[in-house]
Every structure is written in C-alpha cells, then in structure tokens.
Amino acid sequence: MHIVVCNRLTEYLGVEILSAILKEQGHTVELVFEPDILAAAFVRSLPDALSTRLDSAHRAARRVIALDPDLVLFPSEINSFLWCAEVGELIKKQRHDIQLLHGGFHATSSPEECIARAGVDMLCVGEGDLAIPELVAALAEGGDVTGIANIWVKDTDGTVHRNAPRALVQDLDTLPWPDKSLYYDEMPGLAREYMCVTSRGCHWACSFCFYTTLYSLYGRDGYLRARSPQHVIGELVAAKARWDLKYVVFHDDIFPTSIRWLREFAPLYRDQVGLPFSCITHPQLILEESASLLASMNCRYVIMGAQTVNEDSRSADVINRTETSEDIRVAVARLKSHGIFVLLDHIFGIPGEDLEDQEKALSLTF
C-alpha cells in the first residue's frame with residue numbers, strides 16, 4: 001500500500017510511530033506538509049485575493065493527488081481538523097478511489113461531528129498503533145474493513161460502522177522508535193528541537209484535560225504507561241548520531257512518571273545524550289530529589305500547571321486539581337534553586353472566579 005500523511009502546523013509523533021510500523025510491514029509512506037501562514041493564530045483577516053493565494057488546502061490536495069496514494073492519513077487537532085477535512089473533500093472531487101482516514105484527539109473526542117464531514121471516509125478513534133496497520137493490511141488484501149476495532153467506517157450511502165476500541169498497548173517498548181525521517185527529510189531544521197515522548201497518560205484527571213475523554217473511552221486502570229529508560233535513550237542516541245540535535249523537548253503530558261523511573265533515566269541521559277531539554281510536569285511530582293535529578297540532566301525549563309490559587313476552583317466539582325498553592329510555591333522554589341526556569345500555566349475564566357482571583361494569582365510569591 002502507498003500511504004500519504006497530510007497535515008499542517010507541526011510534526012506528529014503518533015504518525016511517526018505508525019510510519020515506522022507500516023514501513024516495517026512493506027508499505028510506503030510519504031508526507032505532504034503545509035506550514036502555511038493561515039495556520040498562525042495572529043492572522044485575523046486578509047484580503048480575499050491574498051487569502052486565496054496563501055490558502056494551502058488546494059495546494060495540499062494537488063500534492064497528495066500527484067503522489068497517487070491508496071490511503072491518506074490526516075492527523076489533526078481541533079485547530080486543524082477543518083483544514084484536513086477540506087483537503088480530503090478536494091481530493092475526493094477528483095479521486096473517489098483514494099481512501100481518507102482521520103485520526104488524532106479531535107477525531108477521538110468528537111467522532112460523530114468528524115465522520116459527518118464530506119472529506120472523511122474513516123476515523124481512528126483512540127490509539128492507532130495496532131488498528132491502523134490492521135486496516136492497511138485489510139485494504140491491501142481487498143478485505144472487509146468495517147469491523148476493525150478503533151476504526152469507524154462510512155459507507156458511500158452514509159451508513160457508519162462504529163467499532164469499539166481495542167485494549168491498549170501496555171508495553172510501549174514493543175513499538176518502534178518514531179520514523180523521524182518522515183518529517184526531517186523534508187524539514188531537517190525540525191530536528192534542532194527534537195520532540196520525544198517517554199510515556200502515555202497521567203496520574204491525574206483534571207476536568208479540563210483531554211484525558212477525561214480518553215479515560216471515558218479506555219478507563220483509567222492501566223492507561224498510564226512508560227517506555228523503559230533504555231528504550232528512550234536508544235532512540236535519542238540514534239537520533240543524535242543522525243540529526244543535528246541541539247535541544248530535546250519531552251512532550252509527555254507529565255514528565256517524569258515516577259521518581260524511580262527518573263533515578264534510572266537521569267544518569268543514562270546525562271552520560272549518553274547530555275543535551276539541554278524542557279518538559280511538562282506537575283507540582284506534586286517535584287520533590288527535592290527530582291528537581292536535583294532534572295538539573296543534573298541539563299534541564300533548562302519546565303512547564304508546570306498551576307491553573308488557579310482558588311481552593312474552591314480546585315475541587316472535584318470544578319477543575320479537579322489536587323495540589324495546594326503551597327505545593328506550587330514549594331515546587332517552583334525547588335526548581336529555581338537548581339537553576340531551572342519555570343513557566344506556570346494559568347486558566348482565565350474558571351466558572352465562579354473573578355478579578356480578585358486573578359490578582360491573587362499574580363501576587364503569589366515564589
């Protein structure tokens with residue numbers, strides 16, 4: 001099978017893993033990437049003529065059709081799904097035989113809305129590491145694809161086959177390293193800030209987070225999974241040898257998953273990789289030991305959720321956060337004492353909060 005990945009905005013680690021799996025199975029995978037100006041949030045309006053010239057959807061559709069694929073994969077989020085669907089619709093107007101599969105969190109969180117779009121033939125709802133290779137194999141053999149777990153299929157008459165998700169891959173080390181060449185061959189500059197994920201899932205279930213949707217799909221038991229330190233280090237060492245890495249961005253939703261994991265990972269990273277890096281963490285994960293280990297690895301900055309200083313807003317009935325303002329203050333102090341810059345996330349407009357709450361957040365002393 002000849003597969004084309006089509007997206008804009010950024011590289012997607014999920015499709016890089018899929019690309020590695022599909023190539024191992026003998027399929028070809030190519031990329032159509034459009035980092036267009038209309039994707040920038042600061043662009044409010046443009047004259048019609050300029051907007052038409054800059055619009056990348058028609059260009060992307062032409063590029064996809066020129067590659068003559070059997071299947072197009074569209075990884076997308078809420079800010080890119082409509083673009084992906086438009087590209088798919090443009091493709092279908094010229095090539096009815098090309099199959100269009102959309103995945104990503106938006107497809108998982110809003111499948112009914114997504115499957116109704118004209119530029120969508122199929123959805124991957126949930127993780128696709130096993131589902132999409134099974135789908136590709138069935139398509140290659142001309143078999144029935146309407147009963148594959150995780151895959152929703154829309155018939156030409158509009159009938160939708162909705163399949164439940166399969167069990168999660170528990171051992172992430174069984175998955176290959178991501179096929180970074182999919183993006184880096186075309187845009188080698190992306191490698192300078194190398195994106196890496198060491199785990200899937202989170203210890204917490206904040207009400208505003210996309211994990212609430214994933215937990216409703218899969219349940220929470222067994223959802224938090226981590227690659228072994230050795231598996232991650234192997235990827236980074238190989239990437240460092242091949243690409244011009246300057247910095248590592250750990251894109252885990254929470255890093256590290258545990259102090260035990262970090263104790264094993266930190267010396268390996270320090271000795272074999274050593275590049276400066278950033279990560280996303282949680283105040284209750286920042287012990288004195290974890291702050292020290294992060295610093296020893298050359299951590300430059302962390303992003304950490306604070307969201308509010310209002311204890312009522314932290315309740316399970318509102319945003320369901322478990323830390324206190326003191327936990328946040330202590331975590332920030334620990335990180336700063338080791339020379340690590342901290343960027344705190346904050347949510348404006350939490351129901352029930354007012355200007356006084358925002359002023360208290362600004363006055364929180366670290």
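As the structure is a prediction and not an experimental result, all values here were calculated from the model. (Residues numbered from 1 in each chain as written. Predicted model: local features only at pLDDT ≥ 70, side-chain atom pairs only at ≥ 80, totals over all residues. Heavy atoms only, no water.)

Trainee: Is there a simple way to think about the sheet that holds strand β12 (residues 277-281) in this case?
Mentor: For sheets, the rule is that strands pair by backbone hydrogen bonds, running either parallel or antiparallel. Judged by pairing direction, the sheet is parallel, and its 5 strands sit side by side in the order β8-β11-β12-β13-β14 without closing on themselves. Every interior strand has two partners, whereas the edge strands, β8 (193-196) and β14 (341-346), have only one. Each adjacent strand pair in this sheet contributes to an overall mean axis angle of 20 degrees, direction not counted. Across 5 bridges, the pairing between β12 and strand β13 (residues 299-307) is parallel. Counted as the bridge partner of C279 is V302 from β13. Against the sheet, helix α10 (residues 229-242) touches β8 and β11 (247-250), its axis set at about 155 degrees to β8. Its contacts with the sheet place helix α13 (residues 325-337) against β13 and β14, and it is angled at close to 175 degrees to β13. (Pairing = 2+ DSSP bridges. Helix = DSSP H or I, 4+ residues; strand = E, 2+ residues; numbered from the N terminus. Axes fitted to C-alpha atoms, helices over the stretch in contact; angles between N-to-C directions. Contact = heavy atoms within 4.5 Å.)

Trainee: What exactly am I supposed to notice about unusual backbone geometry here?
Mentor: Negative phi characterises most residues that are not glycine, and trans characterises most peptide bonds. The linkage connecting F255 with the following residue, P256, adopts the cis geometry, with an omega of -5 degrees. Examined against the element boundaries, P256 turns out to sit in the loop between β11 and α11 (259-272). Even without being a glycine, D68 presents a positive backbone phi close to 55 degrees. Relative to the assigned elements, D68 resides in the loop between α3 (57-67) and β3 (71-75). In this structure, N298 is a non-glycine residue whose phi angle is positive, near 85 degrees. Looking at where N298 falls in the secondary structure, it is placed in the loop between α12 (288-296) and β13. Owing to a relative accessible area of 25%, N298 belongs among the partly exposed residues under this scheme. (Buried < 20%, exposed > 50% of the residue type's maximum accessible area, 1.4 Å probe, protein only.)

Trainee: Explanation requested: the pattern of salt bridges in the structure shown.
Mentor: Close approach of charged atoms allows side chains of opposite charge to pair. Tallying each qualifying case throughout the model produces 23 salt bridges. Its salt-bridge partner being R192, residue D244 comes within 3.2 Å of it at the nearest N-O pair. With D244 in the loop between α10 and β11 and R192 in the loop between α8 (181-184) and β8, this residue pair connects regions lying 52 residues apart in the sequence. Exposure remark for D244: the relative accessible area of 38% places this residue in the partly exposed category. With relative accessibility at 42%, the residue R192 sits in the partly exposed group. (Salt bridge = Lys/Arg side-chain N within 4 Å of Asp/Glu carboxyl O.)

Trainee: What should I look at first to understand the pairing of strand β2 (residues 28-34) in this one?
Mentor: The side chains of a regular strand alternate, residue by residue, between the two faces of the sheet. Where burial is concerned, most of β2 is hidden: 5 out of the 7 residues are buried. Inspection of the sheet shows strand β1 (residues 2-8) paired to β2 by 7 bridges, in the parallel sense. Looking at β2, one finds that H2 is bridged to T28. One crossover worth recording links β1 to the parallel β2 by way of helix α1 (residues 13-24), and it is right-handed. (Right-handed = clockwise from strand over helix to strand, strands pointing away.)

Trainee: Explain the nonpolar core to me, please; I cannot follow it from the model alone.
Mentor: The nonpolar side chains of soluble globular proteins are, as a tendency, buried together. Among the nonpolar cores identified, the biggest contains 63 residues, and Y183, F250, Y269 and F277 are the most heavily contacted of them. The contacts of F250, once residues within four sequence positions are left out, are C196, T198, V232, L236, F255, F265, Y269, F277, S278, C279 and I280. With 17 residues, the next largest nonpolar core counts V4, A57, I65 and I98 among its residues. (Core = buried A, V, L, I, M, F, W, Y, C linked by side-chain atoms within 4.5 Å.)

Trainee: What exactly am I supposed to notice about the packing of α11 against α12 here?
Mentor: When two helices pack together, their arrangement is given by the angle between the helix axes and by the axis-to-axis distance. Packing of α11 against α12 leaves a shortest axis separation of 9 Å and a crossing angle of 20 degrees. In terms of orientation, α11 lies roughly parallel with respect to α12. By crossing handedness, the relation of α11 to α12 is classed as left-handed. Contact residues: I259, L262, R263, A266 and R270 in α11; E289, S290, L293, L294 and S296 in α12. (Parallel < 35°, antiparallel > 145°, perpendicular 65-115°, else oblique. Left-handed = near helix turned anticlockwise from the far one by under 90°.)

Trainee: Sorry if this is basic, but what is going on with the pairing of β12 here?
Mentor: Counting buried positions along β12 yields 4 of 5 residues, so the element is predominantly enclosed. In this sheet, β12 lies alongside β11 in parallel orientation, the contact comprising 2 bridges. Among the inter-strand pairings, V248 is bridged to a residue of β12, identified as F277. In terms of handedness, the path from β11 via α11 over to β12 forms a crossover that is right-handed. A crossover connection joins β12 to the parallel β13 through α12; in handedness this β-α-β unit is right-handed.

Trainee: Help me understand the packing of α10 against α11, please; the structure alone is not making it clear to me.
Mentor: Axis separation between α10 and α11 bottoms out at 10 Å; the angle between their running directions is 20 degrees. Accordingly, the angle class assigned to the pair α10 and α11 is roughly parallel. Remark: the crossing between α10 and α11 carries right-handed chirality. On α11, the residues touching P229, Q230, V232, I233, L236, V237 and K240 of α10 are W261, E264, F265, L268, Y269 and Q272.

Trainee: Where do I start with the packing of aromatic side chains in this structure?
Mentor: Following the criterion strictly, the structure yields 19 aromatic pairs and no others. Taken together, a centroid distance of 4.6 Å and an interplanar angle of 10 degrees make the contact between F250 and F255 stacked. The exposure classification of F250 matches that of F255, with both residues buried. Counting every residue linked through ring pairs, the aromatic cluster contains F105, F210, Y211, Y215, Y218 and Y223. Between R225 and the ring centre of Y223, over which it is positioned, the NZ or CZ distance is 4.8 Å. (Phe/Tyr/Trp six-rings, centres within 6.5 Å; stacked < 30°, edge-to-face > 60°. Lys NZ or Arg CZ within 6 Å of the ring centre and 35° of its normal.)

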